[in-house]
Amino acid sequence: VKIYGVGSWIGDETSSGGEQEEEEGEGSSEGGTPIFSFFDDFKDGLSGWFLWGDSEGYSIEVDKKSGSPSPALHVYGNGENGALVGAAKTVQVDESAPYNLSFDYRVHAKQKKSPTLTLWLRIEDSQGNILVSDTICEIENSDSGWNSFSTTLPQTSGEITIIIYMEDVVTKYHQEFWLDN
């Protein structure tokens, strides 16, 4: 999971969970303004991600066997019908440039005949105002396979919370998703 500023990804993709700022003049936007970026590859743990929502019956972990490539963040479990549950991370951004949020995901249910599974993205500012609300995927079968998602974030500065979540569509129905890159 990564946020990057204008231009191509400039972070060290071999490090994990780091929050980095560019040095002035080195791949930065006009005027040498530092651009905030982060890249979570989950090799060193959850990197500040936490379980979000109606989390009773759900867990969050680093799955060292799955990923694109592995490891990946993994949210899984059985909750109450209608529960919204997911993973969230709070980060600082700078209004100086537009940012892109990019990641790979997989949604899965352990039942072959599953109702529609949906994965959503929500980004909130520090006051809880919703800046972005988007559907990442909606599938009619039990496994989405690995896919990519990318979106441009609205220009803002300060603290934002990235929330990626699903709805538990049937009680006692094991549902899960993974995030990577």
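Residues numbered from 1 in each chain as written. Predicted model: local features only at pLDDT ≥ 70, side-chain atom pairs only at ≥ 80, totals over all residues. Heavy atoms only, no water.

Before going further, it helps to spend a moment on the sheet that holds strand 12 (residues 158-167). Across the sheet, which stays open at both edges, the five strands sit in the order 4-7-12-9-10 with antiparallel pairing between neighbours. Lying at the two open borders of the sheet, with one neighbouring strand each, are strand 4 (50-53) and strand 10 (130-139). Averaged over all pairs of adjacent strands, the angle between strand axes in this sheet comes to 25 degrees, irrespective of strand direction. In this sheet, strand 10 lies alongside strand 9 (residues 117-125) in antiparallel orientation, the contact comprising eight bridges. Residue threonine 118 lies in a different strand from strand 10, and its bridge partner there is glutamate 138. (Pairing = 2+ DSSP bridges. Helix = DSSP H or I, 4+ residues; strand = E, 2+ residues; numbered from the N terminus. Axes fitted to C-alpha atoms, helices over the stretch in contact; angles between N-to-C directions.)

Moving on, we get to the pattern of salt bridges. The tally for this structure, following the rule as stated, stands at three salt bridges. Here lysine 89 and aspartate 40 are joined by a salt bridge, their closest N and O atoms 2.8 Å apart. Highlighted residues: lysine 89 in strand 7 (residues 84-93) and aspartate 40 in the loop between strand 3 (36-39) and strand 4, separated in sequence by 49 residues. Here lysine 89 falls in the buried class, since its relative accessible area comes to 2%. Among the residues examined, aspartate 40 registers a relative accessible area of 0% and is labelled buried. Among the ionic pairs, aspartate 143 bridges to arginine 106, the shortest N-O distance being 2.5 Å. Of this pair, aspartate 143 sits in the loop between strand 10 and strand 11 (147-153) while arginine 106 sits in strand 8 (residues 99-109), and the two are 37 residues apart along the sequence. Assessed through its relative accessible area of 26%, aspartate 143 is described here as partly exposed. (Salt bridge = Lys/Arg side-chain N within 4 Å of Asp/Glu carboxyl O. Buried < 20%, exposed > 50% of the residue type's maximum accessible area, 1.4 Å probe, protein only.)

The next thing to look at is the confidence of the model for the protein. Overall, the prediction assigns the protein a mean pLDDT of 78, with 76% of residues at 70 or greater. Looking over the protein, one finds the lowest element-wise mean pLDDT in strand 2 (residues 18-21), namely 41, and the highest in strand 4, namely 96. Low pLDDT (under 50) marks residues 7-34, which in the prediction has 57 contacts with non-local residues, meaning those over four places away or in another chain. (pLDDT = per-residue confidence, 0-100. Contact = heavy atoms within 4.5 Å.)

This part takes up empty space enclosed by the protein. A full pass over the atoms with the stated rule returns one cavity of 30 Å³ or more. When its volume is computed, the largest cavity comes out at roughly 40 Å³. What lines the largest cavity is Val93, Tyr99, Ile123, Leu131, Leu153, Pro154, Thr156 and Ile160. Along the lines of polarity and charge, the residues of the lining of the largest cavity split into seven nonpolar, one polar and no charged. (1 Å grid on protein atoms, 1.4 Å probe; cavity = no way out; pocket = protein on both sides within 12 Å on 5 of 7 lines; lining within 4 Å. Points joined across faces, edges and corners; volume = space filled by probe spheres on them. Nonpolar A, V, L, I, M, F, W, Y, C, P; charged D, E, K, R; others polar.)

Its location among the elements puts alanine 83 in the loop between strand 6 (72-77) and strand 7. For the pair alanine 83 and aspartate 54, spaced 29 residues apart in sequence, the C-alpha to C-alpha distance is 5.5 Å. In this structure, alanine 83 is in contact with Asp54, Met166, Glu167 and Asp168, ignoring residues within four places of it in sequence.

Below, the discussion takes up unusual backbone geometry. Its identity as a non-glycine residue notwithstanding, phenylalanine 42 has a phi of 65 degrees, on the positive side. Inspection of the secondary structure assignment puts phenylalanine 42 in the loop between strand 3 and strand 4. Overall, the relative accessible area of 1% leaves phenylalanine 42 in the buried class. You will see that serine 47, though not glycine, has its phi angle at about 55 degrees, which is positive.

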